[in-house]
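# Overview (structure and organization)
Spelled out, the chains give:
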Amino acid sequence: MRASIRAEKLNLPSASIVTEGFLSQGRLTAEGFGMPGLPLASIPGHTDIHGEEKLRNLVETVTLEEVIKALTVQPQEVERAEEPEPHEIIFAGSFEEVNEFFYRNKWQEGIPIVPPTLEKVERFLKFTDRSPEEVIGMLLPDRREATAWNVAVNGVMAGCRPEYMPVLISLAEVLADPRYGVEHSGNTPGSEALITLNGPITKELHFNDKQGALRVGFRANTSIGRFFRLYLRNVAGFLPHETDKATFGNTWRVVLAENEEALASMGWKPTSYYQGFKEGRNVVTVSRYTSGGVLVSVFGSKAEEVLPCLADGLVRHMGWELIFTTGLPENPGFGGTQRPHLILSPCLAEVLAGAGLSKEGVRQYLYDHARVPAWRCEQLIGWMGSGETNLCKLVEAGIAPRQFCESSDPNRMVPIVCTPDDFLITVSGDPLRNNAYALISNGIFGYTTSKEIRLPPNWENLLKQAERNTVNLIG
């Protein structure tokens, strides 16, 4: 689509060929780039499940005709719909009427929102020193600007408290960072982001970092998680059946707050430290994950008993995502972008720390032992439809790292990441349960990105005022 848009801007006719399932996304992407009505040519069905003969027939009878039309017929001009101004009051009514209006306009996801009145939005803006219209960045696919104003609006809608505003601003900064790749948030695996939070702010804003750490039921964790999905919907422009093409999809995740009290007791460093930030800084880290699950009852009172289970759990949950480790001939940029996330309950982390292991030591163990046979790795990346799956040939081509061809033995064990540093390890959850959670990343499609949370100069006074307001609400 982007290549076609560039051609059209040079007055060169183009035809973007897309499969049937991506027609709506193609049209809306073009609209987001300011070129509604961009010519498209479709391939009916899905190319991966057509045989060669059927695919050839569809291209000759359907696609070719649409390509010719796109190149020879001037498309009709389509105007982009006008959007309301930031301070414009677009509707007035009861709570039920407001929610029905927002639902019909696709501004809420089927769950009632808090009506974003001007008064409520202004309360949020008091918790940032950014001007309301300051541009944080531009978000694809709709190419809409992220601003403090629309952050506050969506924060109100999600049920956040005004004092969460600095966290919300940092999340908008993540989405605006090209490294994160927000434009891929609607890809078909339906992966979902996890926000990991570090720093004193986890206590100041009363985040849950203990039992039920990933369960709804705690306002800060829950509402900020919902904000992230709402912001993707309302500002970036990801809507199901349109630009969000998740085959199945998941709902949003609550924020994962790391238990830094537990870390301090065992001498471990926070997740943010390994993302390049000093200890004690308030930091959000966001990554999108396609699969994963709980590792139940990781038995053992010694590190040598616990570690094999953790390595095995990561391997069991890793599948096609190995393309983000090895890369593919058609997309070598995938290589080295797999960043699995292992969440340890504090008591498991204590077993490992008691054996003298730091997070670095655990990561090194996982790199050395969370491995699969070379033939299995080749099979998994081959199932993605790659033309070349031989790891040694991928190494020779400069696509896969050298460690994937240390011999030609098909049973040789190869790692699931490129370096030990690719593993994220976070300590949170029930301190009295020996469980862990493994999450497998979506590589470049939501690459792990961190931002420091910038607090306003009068943060402490603002927090005290917020606490007083809460007390006054309940008498």
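Described in the following lines is the structure provided in the data block. Not measured: the values here are computed from a predicted model. (Residues numbered from 1 in each chain as written. Predicted model: local features only at pLDDT ≥ 70, side-chain atom pairs only at ≥ 80, totals over all residues. Heavy atoms only, no water.)

### Thoughts on the overall build of the protein chain
Within the protein chain one finds 17 helices and 13 strands. A globule of 475 residues ought to have a C-alpha radius of gyration of about 23 Å, and the protein chain, at 24 Å, matches this closely. Evaluated residue by residue, the protein chain yields a buried proportion of 51% over its 475 residues. For the protein chain, restricting intrachain contacts to residue pairs at least 6 apart in sequence, the fraction spanning at least 24 positions comes to 79%. The protein chain carries 46 positive and 58 negative side-chain charges, and their two centres are separated by 3 Å. (Helix = DSSP H or I, 4+ residues; strand = E, 2+ residues; numbered from the N terminus. Rg over C-alpha atoms; globule rule 2.2 N^0.38 Å. Buried < 20%, exposed > 50% of the residue type's maximum accessible area, 1.4 Å probe, protein only. Contact = heavy atoms within 4.5 Å. Lys, Arg positive; Asp, Glu negative; His and termini not counted. Charge placed at Lys NZ, Arg CZ, Asp CG, Glu CD.)

### Regarding empty space enclosed by the protein
Evaluated as defined, the whole model comprises three cavities of 30 Å³ or more. Looking at the largest cavity, its volume works out to about 70 Å³. Forming the walls of the largest cavity are Thr128, Asp129, Arg130, Pro166, Ile169, Ser170, Glu173, Glu452 and Arg454. Ranked by residue count, the leading element in the lining of the largest cavity is helix H7 (residues 165-176), at four residues. Across the lining of the largest cavity, the residue classes break down as two nonpolar, two polar and five charged. Approximately 40 Å³ is the volume attributed to the second largest cavity. (1 Å grid on protein atoms, 1.4 Å probe; cavity = no way out; pocket = protein on both sides within 12 Å on 5 of 7 lines; lining within 4 Å. Points joined across faces, edges and corners; volume = space filled by probe spheres on them. Nonpolar A, V, L, I, M, F, W, Y, C, P; charged D, E, K, R; others polar.)

### Some remarks on the side chain of asparagine 150
Checked against the element boundaries, asparagine 150 lands in helix H6 (residues 148-158). In this structure the side chain of asparagine 150 is engaged in a polar contact, spanning 3.0 Å, whose partner is the backbone nitrogen of threonine 147. A polar contact of 2.5 Å, which involves the side chain of asparagine 150, links it to the side chain of tyrosine 231. (Polar contact = N/O pair within 3.5 Å; in protein donor to acceptor, adjacent residues only side chain to side chain.)

### Quick notes on the state of the cysteines
By the definition in use, this model includes one disulfide. A sulfur-sulfur separation of 1.9 Å characterises the disulfide bridge that pairs cysteine 392 with cysteine 405. Judged by the torsion about the S-S bond (95 degrees), the cysteine 392/cysteine 405 disulfide is right-handed. On the criterion of sequence distance, the pair formed by cysteine 392 in helix H16 (residues 391-396) and cysteine 405 in the loop between H16 and strand E10 (413-415) is long-range, its members being 13 residues apart. The buried category is assigned to cysteine 392, whose relative accessible area is 13%. (Disulfide = S-S within 2.5 Å.)

### Some points on the packing of aromatic side chains
Summed over the entire model, instances satisfying the criterion amount to eleven aromatic pairs. Their ring planes at 65 degrees and their centres at 6.3 Å tell us that phenylalanine 101 and phenylalanine 102 sit as a pair that is edge-to-face. For phenylalanine 101, a relative accessible area of 23% corresponds to the partly exposed category. Centroid distance phenylalanine 334 to phenylalanine 445: 5.6 Å. Interplanar angle 75 degrees. Geometry classified as edge-to-face. Of this pair, phenylalanine 334 sits in the loop between helix H12 (323-326) and strand E8 (341-344) while phenylalanine 445 is found in the loop between strand E12 (436-441) and strand E13 (449-452), placing the two residues 111 residues apart along the sequence. Residue phenylalanine 445 is classed as buried on the basis of its relative accessible area, which comes to 16%. Members of the aromatic cluster, connected to one another through ring pairs, are Phe91, Phe101, Phe102 and Trp107. The side chain of lysine 269 reaches across the aromatic face of tyrosine 273, ending 4.9 Å from its centre. If you follow arginine 371 out to its NZ or CZ, it ends over the ring of tyrosine 367, 5.1 Å from the centre. (Phe/Tyr/Trp six-rings, centres within 6.5 Å; stacked < 30°, edge-to-face > 60°. Lys NZ or Arg CZ within 6 Å of the ring centre and 35° of its normal.)

### Section: the nonpolar core
One finds Val151, Met165, Leu171, Ile224, Phe228 and Tyr231 to be the most contacted residues of the largest nonpolar core, which totals 55 residues. At nine residues, the largest contribution of residues to this core is made by helix H9 (residues 219-236). Once residues lying within four places of it in the same chain are set aside, the contact partners of phenylalanine 228 are Leu171, Leu175, Tyr180, Ala193, Ile195 and Val286. (Core = buried A, V, L, I, M, F, W, Y, C linked by side-chain atoms within 4.5 Å.)

### A closer look at the packing of H6 against H9
A pair of packed helices can be characterised by two numbers: the angle between their axes and the separation between those axes. Close contact between H6 and H9 brings their axes to 9 Å; oriented N to C, the two are set at 125 degrees. On the basis of their axis angle, the class for H6 and H9 is oblique. Pair H6 / H9 crosses with right-handed handedness. Where H6 abuts H9, its residues Asn150, Val151, Asn154, Gly155, Met157 and Ala158 lie against Ser223, Arg226, Phe227, Leu230, Tyr231, Asn234 and Val235. Grouping the constituent residues of the contact of H6 with H9 by class yields seven nonpolar, five polar and one charged. (Axes fitted to C-alpha atoms, helices over the stretch in contact; angles between N-to-C directions. Parallel < 35°, antiparallel > 145°, perpendicular 65-115°, else oblique. Left-handed = near helix turned anticlockwise from the far one by under 90°.)

### Section: the pairing of E12
Taking burial as the measure, the six residues of E12 include five buried ones, the bulk of the element. With six bridges connecting them, strand E7 (residues 283-295) and E12 associate as antiparallel partners. Pairing of valine 294 across the sheet is with tyrosine 437, part of E12. Inspection of the sheet shows E8 paired to E12 by four bridges, in the antiparallel sense. If you follow isoleucine 343 over to E12, its bridge partner there is tyrosine 437. (Pairing = 2+ DSSP bridges.)

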